[in-house]
Amino acid sequence: MLVTRRHLVVGAAAVASFSAAKAQKLVATSAQDLGPFYPIVRPPDHDADLTRVTGRGGVARGRPINVIGRVVDLQGNAVTNAQVELWQCNSEGRYDHPGDRANPAALDPNFQGFARLATDRDGQFKFRSVKPKDYDTPIGRRTPHIHFDISGRSERLVTQMYFPNEPLNDIDFLLKNAAPRESVIAEAIDPLSGDPDALAYRWTVVLAVG
Ligand SMILES: [Fe+2]
């Protein structure tokens, strides 16, 4: 290909804008309410596979999901060894919590419901779970979400992760307070190799301080 002056100018502009974008700070992930269902008693099994409970033979009901998360600071640097706690309702919308007893949905004895993880040297964490269902509250219906409590080097972020393209996302009374909204909505990605039946999502958590 003949490289013209125009190609060189366009190429230089692209490099400059890429460098500017790289130097630009990211936007911090929005905080969200802790909610009423943080586990009172944390289960002894709190590993990264929420679809099985140690000592029980079954598998959690519902559509399996894999979530690949990454915790970074505003410059995009990995936050290593961050503590990541997460908890969620099961595939029928029920939390394993005494405050959710009035919920007519059934508990699932094979669903772990809570995990405590640590980010690796790239700031990554990963877990396998089931897709949480939407559920009713006295002040409105919640769209599917997973709760997070993330402790970095010098910052704690309590937030919630949402799923893309959910019909209830537009009316959820907590998601509407997220700023920016996109910061708490995961991206759907192709299923992971070796786990083709599980939906897969990627979510980047940006800590303001790190
Ligand atoms: Fe919730």
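Check the entry above for the structure.
Residues numbered from 1 in each chain as written. Predicted model: local features only at pLDDT ≥ 70, side-chain atom pairs only at ≥ 80, totals over all residues. Heavy atoms only, no water.

What about the packing of aromatic side chains?
Heads up, the rule is: Note on aromatic contacts: the rings of Phe and Tyr and the six-membered ring of Trp form a pair at centre separations within 6.5 Å, being stacked when their planes are under 30 degrees apart, edge-to-face when over 60 apart, and tilted otherwise. Numbered from the N terminus, helices here are DSSP runs of H or I no shorter than four residues, and strands are runs of E no shorter than two. The rule is simple: take the accessible area with a 1.4 Å probe, protein chains only, and divide by the maximum for that residue type; under 20% is buried, over 50% is exposed, in between is partly exposed. In our convention, an over-ring charge means Lys NZ or Arg CZ found within 6 Å of a ring centre and within 35 degrees of that ring's normal.
For the coordinates displayed, the defined rule picks out nine aromatic pairs. Residues Tyr 38 and Phe 114 carry aromatic rings whose centres are separated by 6.2 Å and whose planes lie at 90 degrees to one another, so their mutual orientation is edge-to-face. A residue pair is termed long-range when its members are at least 10 positions apart, and Tyr 38 in the loop between α1 (5–23) and β1 (64–73) and Phe 114 in strand β3 (residues 114–118) qualify at 76 residues. On the basis of relative accessible area, Phe 114 is assigned to the buried category, the value being 1%. Between Phe 163 and Tyr 201, the ring centres sit 5.0 Å apart and the planes meet at 80 degrees, which makes this aromatic pair edge-to-face. Taken as a pair, Phe 163 in the loop between β8 (156–162) and β9 (187–189) and Tyr 201 in strand β10 (residues 199–207) lie far apart in primary sequence, 38 residues in all. On the basis of relative accessibility, which here comes to 0%, the residue Phe 163 falls in the buried class. The side chain of Lys 131 reaches across the aromatic face of Phe 163, ending 5.2 Å from its centre. The ring of Phe 173 has Arg 142 lying over it, and the distance from NZ or CZ to the ring centre is 5.6 Å.

Some remarks on the layout of surface pockets
Our working rule: Detection works on a 1 Å grid of protein atoms alone, calling trapped sets that fit a 1.4 Å probe cavities and calling open sets with protein on both sides within 12 Å along at least five of seven lines pockets, with lining residues defined by an atom within 4 Å of a point. Grid points are joined across faces, edges and corners, and a volume is the space filled by probe spheres set on the points. Amino acids outside the nonpolar list (Ala, Val, Leu, Ile, Met, Phe, Trp, Tyr, Cys, Pro) and the charged list (Asp, Glu, Lys, Arg) are all regarded as polar, and Gly is one of them.
Each pocket or cavity is described by its volume, and for the largest pocket that value is around 450 Å³. If you trace the largest pocket, you find 25 residues lining it, with Pro 43, Asp 96, Phe 111, Gln 112 and Gly 113 closest to the centre. Its residues placed into classes, the lining of the largest pocket shows 15 nonpolar, five polar and five charged. Considered as a void within the structure, the second largest pocket measures approximately 340 Å³ in volume. Surrounding the second largest pocket, 24 residues form its lining, Phe 37, Asp 100, Tyr 135, Asp 136 and Thr 137 being those nearest its centre. Contributions of two or more residues to the lining of the second largest pocket are made by β5 (135–137) and β6 (140–142). When residues of the lining of the second largest pocket are assigned to their parent elements, the largest contribution, three residues, is made by β5.

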